[in-house]
Amino acid sequence: GITLDVTARHHAEDALRQSEERLRTLGDNLPDSVLYQVGQRQDGTREILYVSSGVERLLGISPAELLGNTDRFYARLEPAELPALRTALASPDGDLDIDLRVLRADQRWGWVNLRSRRQPGLDEQGRIVWNGVATDVTAKHQADTMLALQTQRASALLDLPVQAEQLDEPAF
């Protein structure tokens, strides 16, 4: 009989399995972020092809609930955000970078930045594919809001001496 040595093949399969597990662990444990992959069919319909488990911590939705459709994600968006998202998705270069107001897992409103890049070519099913990361940027938006408020207050305080000089006794 013929004997084949498949040791090299088993080592390659083990290495591939370990690499896949390492990438899955990395994606599932990113702080405040979620990896995702979205595909667009030839009819223009978009579907979520992959989403890391961090989506449950961020949005309170399991990956299984999101796979195959985008409706569950859109339901977490503040409705006023939909037109901006649709415009961004229609970008001719195919890349996406947008902050959106979302209902987070803790049932409070927050902000998520979606960044994705279009993968060259089509996948094996003829879909356009985007690979991306969604990051909770709520703290950044809160800091930006606080900075704007403090800037406004500082400006008002600096204007007080000028306003005081313009007052005269009859104005009271």
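Residues numbered from 1 in each chain as written. Predicted model: local features only at pLDDT ≥ 70, side-chain atom pairs only at ≥ 80, totals over all residues. Heavy atoms only, no water.

*Asks:* Is there a simple way to think about the overall build of the protein chain in this case?
*Replies:* The secondary structure content of the protein chain amounts to six helices and five strands. The order of α-helices and β-strands along the protein chain, N terminus first, is α-β-β-α-α-α-α-β-β-β-α. Here the C-alpha radius of gyration of the protein chain, 25 Å, is well above what a compact globule of 172 residues would show, namely 16 Å. Taking all 172 residues of the protein chain together, the buried fraction comes to 29%. Carbon and sulfur atoms provide 56% of the accessible area of the protein chain, an area that totals close to 11,800 Å². (Helix = DSSP H or I, 4+ residues; strand = E, 2+ residues; numbered from the N terminus. Rg over C-alpha atoms; globule rule 2.2 N^0.38 Å. Buried < 20%, exposed > 50% of the residue type's maximum accessible area, 1.4 Å probe, protein only. Areas by Shrake-Rupley, 256 points an atom, 1.4 Å probe, with all protein chains shown as cover.)

*Asks:* What is the right way to read the packing of aromatic side chains from this model?
*Replies:* Geometrically, a pair of aromatic rings is defined through the distance of the ring centres and the angle of the planes. All chains considered together, the criterion is met by one aromatic pair. Residues Phe73 and Tyr74 carry aromatic rings whose centres are separated by 6.1 Å and whose planes lie at 55 degrees to one another, so their mutual orientation is tilted. When the ring centre of Trp130 is taken as origin, the NZ or CZ atom of Arg46, which lies over that ring, is 4.4 Å away. (Phe/Tyr/Trp six-rings, centres within 6.5 Å; stacked < 30°, edge-to-face > 60°. Lys NZ or Arg CZ within 6 Å of the ring centre and 35° of its normal.)

*Asks:* Is there a simple way to think about the pairing of strand E1 (residues 33-40) in this case?
*Replies:* A regular strand places its side chains so that they alternate between the two faces of the sheet. Across the eight residues that make up E1, a large majority, six, are buried. Note that E1 and strand E5 (residues 128-136) share eight bridges and pair antiparallel. Following the sheet pairing, Gln37 is matched in E5 by Asn131. Pairing geometry for E1 and strand E2 (residues 46-51), over five bridges, is antiparallel. Bridge pairing in E2 links Val38 to Ile48. (Pairing = 2+ DSSP bridges.)

*Asks:* Just to check I follow, could you spell out a nonpolar patch on the surface for this structure?
*Replies:* A surface patch of nonpolar side chains, amounting to about 360 Å² of accessible area, comprises Ile2, Leu4 and Val6. Tracing the backbone shows Leu4 in the segment before helix H1 (7-28). A residue is classified by how much of its surface remains accessible, and Leu4, at 70% relative accessible area, is exposed. (Patch = residues over 30% accessible without salt bridge, like charges linked within 9 Å, V, L, I, M, F, W, Y side chains within 5 Å. Salt bridge = Lys/Arg side-chain N within 4 Å of Asp/Glu carboxyl O.)

*Asks:* Looking at this model, I keep getting lost on the pattern of salt bridges. Mind explaining?
*Replies:* Following the criterion strictly, the structure yields 12 salt bridges and no others. Of the charged contacts, one joins Arg104 and Asp106 as a salt bridge, the two residues approaching to 2.7 Å between their closest N and O atoms. Judged by its relative accessible area of 11%, Arg104 falls in the buried class. Ionic contacts of the salt-bridge type, sharing partners, join the residues Arg41, Glu47, Asp123 and Arg127 into one network.

*Asks:* Please clarify how the side chain of Arg46 should be interpreted in this entry.
*Replies:* Counting through the fold element by element, Arg46 comes out in strand E2. Buried and unpaired, Arg46 has no salt bridge, with Asp43 as the nearest side chain of opposite charge at 9.6 Å. Of note is the side chain of Arg46, whose polar atom sits 3.0 Å from the side chain of Gln40. Apart from residues no more than four positions distant in its own chain, Arg46 is found in contact with Val38, Gly39, Gln40, Thr70, Leu89 and Trp130. (Lys, Arg positive; Asp, Glu negative; His and termini not counted. Polar contact = N/O pair within 3.5 Å; in protein donor to acceptor, adjacent residues only side chain to side chain. Contact = heavy atoms within 4.5 Å.)

*Asks:* Explain empty space enclosed by the protein to me, please; I cannot follow it from the model alone.
*Replies:* The probe, sized like a water molecule, is rolled over the atoms to show the empty space still left. If you walk through the whole model with that rule in mind, you get one cavity of 30 Å³ or more. Lining the largest cavity are 24 residues; nearest its centre among them are Tyr36, Val38, Ile48, Phe73 and Leu114. (1 Å grid on protein atoms, 1.4 Å probe; cavity = no way out; pocket = protein on both sides within 12 Å on 5 of 7 lines; lining within 4 Å. Points joined across faces, edges and corners; volume = space filled by probe spheres on them.)

*Asks:* I tried to follow the pairing of strand E4 (residues 109-118) on my own but got confused; where do I start?
*Replies:* Pairing of strand E3 (residues 96-103) with E4, which is carried by eight bridges, proceeds in the antiparallel orientation. Each residue of the ladder has a partner; that of Leu103, found in E4, is Trp109. In this antiparallel pair of consecutive strands, E3 and E4, the connection spans five residues, and Gln107 shows a positive phi of 65 degrees. As paired strands, E4 and E5 are joined by seven bridges and run antiparallel to one another. Within E5, the position partnered with Val112 by the bridge is Asp136.

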